[in-house]
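# Chains, contacts and geometry: an overview
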Number of protein chains: 2
Amino acid sequence: MEFAAYFPVWDKLTPQQQQRINGVIEHRTVKKGTYIHDSSSECLGLVMVKKGQLRTYILSEDGREITFSRLFEYDVSLLSASCVMPDMQFNVMIEAEKDTEFWSIPACLFKNLMEESLAVSNYARDLLSSNFTELMWLMEQIMWKSFDKRLAAFLLEESAIEGSSSLKITHERIAGHMGTAREVVTRMLRYFQSEGMVKLTRGTIEITDKKKLESLCT
Amino acid sequence: MEFAAYFPVWDKLTPQQQQRINGVIEHRTVKKGTYIHDSSSECLGLVMVKKGQLRTYILSEDGREITFSRLFEYDVSLLSASCVMPDMQFNVMIEAEKDTEFWSIPACLFKNLMEESLAVSNYARDLLSSNFTELMWLMEQIMWKSFDKRLAAFLLEESAIEGSSSLKITHERIAGHMGTAREVVTRMLRYFQSEGMVKLTRGTIEITDKKKLESLCT
C-alpha cells in the first residue's frame, strides 16, 4: 500500500473503505507524451502522481490549448475525475510531460467515497477550491497581464521546473501552453533576445539575464 | 424559518444545527447599487437570494472588472464565503444590481457545518464545482471567442433578464461586465447598429434584430 502516502485522507478511511480502494486502484507507468485523459475517453478518476510530470490543459473546439496546471510527485488531480462532479463539463486534457508513474482511484469508487465519508468530501472540496483559485489566477493573467509579463513568468517557471537555464522547448509548444499563436511567441522571444534576456538557438531558449526577466514579472 | 426553502440542505441538518443557524442568520434588504461584499471587508458568509439580483465580479488591481455570475431568487453564493475555503484568495466583489433581499449564514458557522455535516460538505462541493465550470466557460469565452460574439451573447442575456428588448445600460457598464474598455464596446455597438441589429440612443440600446444577433452567437 505504497500509495497510501500519496492519498492524504487514507488514514481517515475505515478499514473497509481502504480495502475497497485496494481492490481497484490502478498503477500505471506512461511514457513522455502519452495522453492519459481527454474529454472523449472514459473518466479516469482521482490521479495521484508518484513520479514524473503531468500537464493539465484546456482545449478549444478548434484545437487551441492553454496550460492549466502542472502535477508533480505527491500532487493529486481531481480534474481527471471531473465526471463525478455535477455540472463539470469541459475539455480538460492531461498528458505526461515526462515519463510518469501514477495511481488512479476509479471515478465511481471515488464518487461513492465522497458521498459517504466526510473526510473525503472535505478533501475533494479543498482540492476543488485550490483548482478554482488557480483558474481564477490564470484568468486574471490572461485578462489583465500583458503578454511580455506572462511569457517572462512562463520561461522562469520552466527554468525552475527543469533546474536549468537552457530550455529545450519549441515556440509552438510555448504557444500551446499560453493559448496564443506561435508567431506571437516568436516575436516576443526575439524582443527578449534583443534586450539580452535570452539567447535563441535551434530548439533551445537560453536564459541569459534572469534578473532582467524577473523584473518584467513584477 | 422562511429561509429554509432557500437553503437546499436544511432538511438534512440536525435540529441542533438548525437552531445554530436560526440563532445567527442575517436577513438584509439592500438598495440597487449597494456593494455587499468585497475582498477587503469581512467575509460575508453563504448568501441566499430571496428577491432581486446580485452580480459577482472580479476586480483587477487597476480597477478593471469582469462579471463572473448573476444571482437571482433561490440562488446561493459560496463566493461570498470564499474566506472559509483554504487557498481561496482573489478579489471577488458582489453588488446589488436591483433592490435585493437576501439571507446570509456567517462564514464561521458555515465552515463548522461543512466540517461536521456530510450533507453540507457535499452541497458546498457541488456549488463550488458549478462555479468552477462557470469560470472555465468564461475563460474559454475570453480566450477563444471573438468580441462580437461575446457582446451579442451579453446583449441577449441582458434582454432575457430584463424581459425587454430595450436595455438601459451605459457602454461603460457593459465594458465593466466584459473586462474591456468602453471604446471597444462603443465601436462594436456602432457596427451592430450599422448592421441593423441594434439602435443606439442616449442611455439605451434597443435590440432591433434579435435573430441576427442570435446568429452571431452560434
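Conventions used here
Residues numbered from 1 in each chain as written. Chains lettered and ligands numbered in written order. Predicted model: local features only at pLDDT ≥ 70, side-chain atom pairs only at ≥ 80, totals over all residues. Heavy atoms only, no water. Pairing = 2+ DSSP bridges. Helix = DSSP H or I, 4+ residues; strand = E, 2+ residues; numbered from the N terminus. Buried < 20%, exposed > 50% of the residue type's maximum accessible area, 1.4 Å probe, protein only. Least-squares fit on C-alpha atoms with pLDDT ≥ 70 in both. Contact = heavy atoms within 4.5 Å. Salt bridge = Lys/Arg side-chain N within 4 Å of Asp/Glu carboxyl O. Buried area = accessible area lost by both parts, 1.4 Å probe. Polar contact = N/O pair within 3.5 Å; in protein donor to acceptor, adjacent residues only side chain to side chain. Axes fitted to C-alpha atoms, helices over the stretch in contact; angles between N-to-C directions. Parallel < 35°, antiparallel > 145°, perpendicular 65-115°, else oblique. Phe/Tyr/Trp six-rings, centres within 6.5 Å; stacked < 30°, edge-to-face > 60°. Lys NZ or Arg CZ within 6 Å of the ring centre and 35° of its normal. Core = buried A, V, L, I, M, F, W, Y, C linked by side-chain atoms within 4.5 Å. Expected span 1.5 Å × (residues − 1). pLDDT = per-residue confidence, 0-100.

### Quick word on the sheet that holds strand β1 (residues 26-30) of chain B
Residues and elements named next belong to chain B. Ordered by their spatial adjacency, 4 strands build an open sheet running β1-β8-β3-β6, and the pairing between neighbours is antiparallel. The outermost strands of the open sheet, each flanked by one partner alone, are β1 and β6 (76-77). Two strands pair when backbone bridges link them, and strand β3 (residues 46-51) and β6 are joined in this way by 2 bridges, in the antiparallel orientation. Residue pairing across strands places M48 opposite V76, the latter belonging to β6.

### Describing unusual backbone geometry
Residues and elements named next belong to chain A. The residue Y74 is not glycine, and still its phi comes out positive at about 75°. Its place among the elements puts Y74 in the loop between β5 (65-71) and β6 (76-77). Among the residues examined, Y74 registers a relative accessible area of 47% and is labelled partly exposed.

### Some words on the relation of the copies chain B and chain A
Once chain B is rotated about the relating axis by 180° and shifted along it by 0.0 Å, it coincides with chain A to within an RMSD of 0.0 Å. Expressed as an axis order, the relation between the two copies is that of a two-fold axis. Interface overlap between copies: 100% of the residues of chain B at the interface are likewise at the interface in chain A, consistent with a symmetric, same-surface contact.

### Here's the deal with the pattern of salt bridges
One pass over the full model with this rule turns up 32 salt bridges over all chains. Notably, a salt bridge pairs E101 of chain A with K51 of chain A, separated by 3.8 Å at the nearest N-O pair. Within this pair, whereas E101 of chain A is found in strand β8 (residues 100-105), its partner K51 of chain A is found in strand β3 (residues 46-51), the two being separated by 50 residues in sequence. With a closest N to O distance of 3.5 Å, R173 of chain B and E97 of chain B form a salt bridge. Within this pair, whereas R173 of chain B is found in helix α5 (residues 171-178), its partner E97 of chain B is found in the loop between β7 (92-96) and β8 (100-105), the two being separated by 76 residues in sequence.

### Points about the interface of chain B and chain A
Counting residues at the interface gives 41 residues for chain B and 41 residues for chain A. Summed over both partners, the interface of chain B with chain A buries about 3,600 Å², with 74% contributed by carbon and sulfur atoms. Seen at the junction of chain B and chain A, the total is 0 salt bridges. Between chain B and chain A we count 5 residue pairs in polar contact (both at pLDDT 80 or more) in total.

### Here's the deal with the packing of helix α4 (residues 147-162) of chain A against helix α6 (residues 182-194) of chain A
All names here are of chain A. At a minimum axis separation of 11 Å, α4 and α6 run at an interaxial angle of 80°. Here α4 lies roughly perpendicular to α6, going by the angle between them. Along the contact surface, α4 presents F147, D148, L151, A152 and L155, while α6 presents V184, V185, M188, L189 and F192.

### Overview of the packing of aromatic side chains
All names here are of chain A. Applying the stated criterion across every chain, the model contains 14 aromatic pairs over all chains. Ring centres of Y6 and W103 lie 5.0 Å apart, and the angle between their planes is 50°; on these two criteria the pair is classed as tilted. Of this pair, Y6 sits in the segment before α1 (15-24) while W103 sits in strand β8, and the two are 97 residues apart along the sequence. The residues Y6 and W103 share a single accessibility class, namely buried. The ring centre of Y57 lies 4.0 Å from the NZ or CZ of R55, which sits over that ring.

### Some remarks on the side chain of K50 of chain A
Residues and elements named next belong to chain A. Relative to the assigned elements, K50 resides in strand β3. Side chain to side chain, K50 and E2 meet in a polar contact 2.8 Å long. With residues near it in sequence (within four places) discarded, K50 still touches E2, Y6, E73, E101, F102 and W103.

### A short note on the sheet that holds strand β9 (residues 166-167) of chain A
Residue and element names in this part refer to chain A. Strand order in the open sheet formed by 3 strands is β9-β11-β10, and the pairing between neighbours is antiparallel. The sheet is open, and its two edges are formed by β9 and β10 (198-201), each paired on a single side. Pairing between β10 and strand β11 (residues 204-207): 4 bridges, direction antiparallel. Opposite V198, over in β11, you have I207 as the bridge partner. Contacting β10 and β11, α6 runs over the sheet at an angle of about 125° to β10.

### Side note on the nonpolar core
Counting residues in hydrophobic clusters, the biggest one holds 56 residues, and the most contacted among them are F7 and I21 of chain A together with F7 and I21 of chain B. When residues of this core are traced back to their parent elements, those giving at least two are β3, β8, α2 (107-116) and α3 (118-144) of chain A together with β3, β8, α2 (107-116) and α3 (118-144) of chain B. Apart from the residues within four sequence positions on either side, I21 of chain B is in contact with F3, F7, W10, L13, I105, L109 and L113 of chain B. Residues I36 and V92 of chain A together with A96 and F102 of chain B belong to the second largest nonpolar core, which totals 46 residues.

### Digging into helix α4 (residues 147-162) of chain B
Residues and elements named next belong to chain B. For α4, with 16 residues, the first-to-last C-alpha span of 22 Å sits near the 22 Å given by 1.5 Å per residue. All buried positions along α4 are accounted for by F147, D148, R150, L151, A152, F154, L155, L156, E158 and S159. Of the residues trailing α4, G163 is marked for its positive phi of about 60°.

### Details of the confidence of the model for chain A
The predicted structure's coordinates, where accompanied by low pLDDT, should not be read in detail. Averaged over all residues, the pLDDT of chain A is 89; the fraction at 70 or higher stands at 96%. Two numbers describe this predicted complex: its pTM, 0.81, and its ipTM, 0.78.

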